[in-house]
Amino acid sequence: MINNENFSEVLYIDLTHKKFWIKNRPELFSKYIGGTGVATQLLFEECPEHTEPLSPENPIIFAVSPFTGVYPFASKTIAMFKSPHTGDLGESHAGGRSAVAIKMAGYGAIVIKGKCDMPIYLVIKDRKVEFRNANTLWGMKSSFTVGDVIRANEKDPGMRSIMRIGQAGENLVSYAAVVTETYRHFGRMGLGAVFGSKMLKGLMISGKKIIDLTHKKNYITTYKEIYDKAVDSPVMKKYHDLGTAGNIKSLNLMGALPTRNLKAASFEGADKISGEHIAENFLGRRVACSHCPTGCIHLAVLREPYEDEPYFYKTTMVGYDYELVYALGSMVGISNPEDMLKLIDIVEKYCLDSMTTGVVLSWATEAMEKKLITIADTDGITLGWGNLNAYMAVVDRIVSQPNDFYKALAKGVDFASKKYGGKDFALAFGKNEMAGYHTGVAAYIGFTIGARHSHLDNAGYSIDQNEMINEKPSPEEVVDKLIKEESLRQILSSIAICFFARGIYSVELVSKAMATMGIDKSPDELMKCGREILKEKYRFKVREGFAFEKLNIPKRIFELRAAAGMIDEAFFNQAIKYAKKQLIDTV
Ligand code: SF4
């Protein structure tokens, strides 16, 4: 039984000495709630200044929240680490069953430190941690098979979750991901490489605890309020019906769908890779994270005939959503949906971050067009828009890194373009490759100033769509709105809910739901807490050397009309100057 009001135990695991211990940290959870807030503080505690991201000293931190297992959509585990991709704050969120499994095992957070001398996977069962030999799993081509083997080996009842890396993580590709429950990922910023550097192939966690709530009557009423809002919401219905891939057509129509490395913002093949077309022709099933009444995860069925057996098919389930379709579809000029699904599938098997991989492939294609690289660099491969076979071969080599060119591609476009040229079309912000929104200036300011350099930090694209056209805010007003949104999102990621439910969880409702768990924080206090957490993240970034002045801003974004109009470089620069004052000069 876990008393949710005293939910504050942290499990520490030392891989070097194969030891573990548990500490109760109530002061941490009462001040910073859980999730992002707690994980940021643990990062300060455990990550020495200027730690090399792929060294044993870089900690992996997982944190959940008092809402986990208690309220709908509190499905996320927050991972925090120093990013090998950007060199500063690494943060990634994943759903599946991971968060509920951590909570049911009795923990608010887990800290993994050190490095093993051989490949292992961890088994965390309630109060016990076991270190299992993973020699036979290391080098396996498919991360799916790794999951199958761990699942078959660990026959444990209770809520459980299996995280693992693929070959990308083993080979330290700086944007390697960690997959959990096959279709959810700690996708961005290279957590997979940090696992790989520790020889940590995977992690199975299970727990059978029951959560005890004190204020049951108020809890039931508040739960129902949230649940009813979720099932009545047309936005959540949209996530269920078509998933985020339903945005392809609309973003394409408004001229905001990055295409062929953002040489265009609308794609002639958009209809064929749209959420509607994939659902009509390939959708196999939908699945949901634990404790989610929406179920937005869409799986396509890919049928491929065996070469010598025409009526025998290899059938693969391939998860897809907007970001994958943009990055491995329009961005690389692939309009054949089967080709796109094959590319998504190989990227998933290696456990690469799909968004970064798509931008890397598209940068390399343009670099070849512009003769910055040749087939001597690419190992004989001629890259061309929409050429699936070439892209599959490049992805293989990004993972195996047979030469200097692929070693550079395995570090992302910011790194590769510094070596080979092409910085003006290297579409990364804060070294993190862009998401699929050429909506306007607010999206790019948002990518640049967000603590993770992610579209999820502050949703600048929605300012472009809702306000830039009619209201025309000043650069300072745009930045103020983005910082306000990012501060609010610190609360949501400290209670570890899925951002798709952000329209349901107002700050007032969060405060009310907290009260049912004996946590007393007013909406004002929550907003202050959110701003404080964002400040703390910037404190970490600055400590590790982040500075806006060092960033490469690709000129490409100023050359192509966005949905909200041309992006004015002077407006952008004024916004970044002001953001620096707000986010760094005050740290
Ligand atoms: S909406 Fe989708 S990502 Fe969010 S919790 Fe539900 S299934 Fe998971």
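Up top is the structure.
A brief structural summary. (Residues numbered from 1 in each chain as written. Predicted model: local features only at pLDDT ≥ 70, side-chain atom pairs only at ≥ 80, totals over all residues.)

Attention now goes to the overall build of the protein. Looking only at helices and strands, the protein has 25 helices and 19 strands in total. Seen along its three principal axes, the alpha-carbon backbone of the protein occupies a region of about 65 × 60 × 50 Å. Counting all 587 residues of the protein, 56% fall into the buried class. In the protein, the proportion of contacts linking residues at least 24 apart, taken out of those at least 6 apart, comes to 69%. (Helix = DSSP H or I, 4+ residues; strand = E, 2+ residues; numbered from the N terminus. Buried ≥ 20, exposed ≤ 12 C-beta atoms within 10 Å, placed from the backbone. Contact = placed C-beta atoms within 7 Å.)

Moving on, we get to helix H23 (residues 523-543). Between its first and last C-alpha, H23 extends 30 Å over 21 residues, near the 30 Å set by a 1.5 Å rise per residue. Within the span of H23, buried status applies to Leu526, Gly530, Ile533, Leu534, Glu536, Lys537, Phe540 and Lys541. The buried residues of H23 occupy an angular sector of 155° when the element is viewed end-on, so they sit on one face. In H23, those exposed residues whose orientation departs by more than 90 degrees from the buried face are Asp524 and Glu525. Along its buried surface, H23 packs onto helix H1 (26-32), helix H2 (35-46), strand S6 (89-94), helix H21 (475-494) and helix H22 (507-515). Looking one or two places after H23, you find Gly545, whose phi comes out positive at around 105°. (Expected span 1.5 Å × (residues − 1). Arc of directions from axis to C-beta.)

Our next topic: the site of the ligand. In the region of the ligand, 13 residues are neighbours, and Ser75, Cys289, Cys292, Cys296 and Cys498 sit closest. Looking at the shell around the ligand residue by residue, the classes come out as 9 nonpolar, 4 polar and no charged. Mapped onto the domain boundaries, the shell around the ligand takes at least three residues apiece from domain 1 (2-212) and domain 2 (237-394). (Near = placed C-beta within 6 Å. Nonpolar A, V, L, I, M, F, W, Y, C, P; charged D, E, K, R; others polar. Domains from an automatic or database assignment.)

Two elements in contact, H2 and H23, have axes separated by 10 Å at closest approach and are oriented at 30°. The angle between H2 and H23 falls in the class roughly parallel. At the point where H2 passes H23, the crossing takes the left-handed sense. Across from Thr36, Gly37, Thr40, Leu43 and Phe44 in H2, the residues of H23 making contact are Cys529, Ile533, Glu536, Lys537 and Phe540. Tallied by class, residues from the contact of H2 with H23 come to 5 nonpolar, 3 polar and 2 charged. (Axes fitted to C-alpha atoms, helices over the stretch in contact; angles between N-to-C directions. Parallel < 35°, antiparallel > 145°, perpendicular 65-115°, else oblique. Left-handed = near helix turned anticlockwise from the far one by under 90°.)

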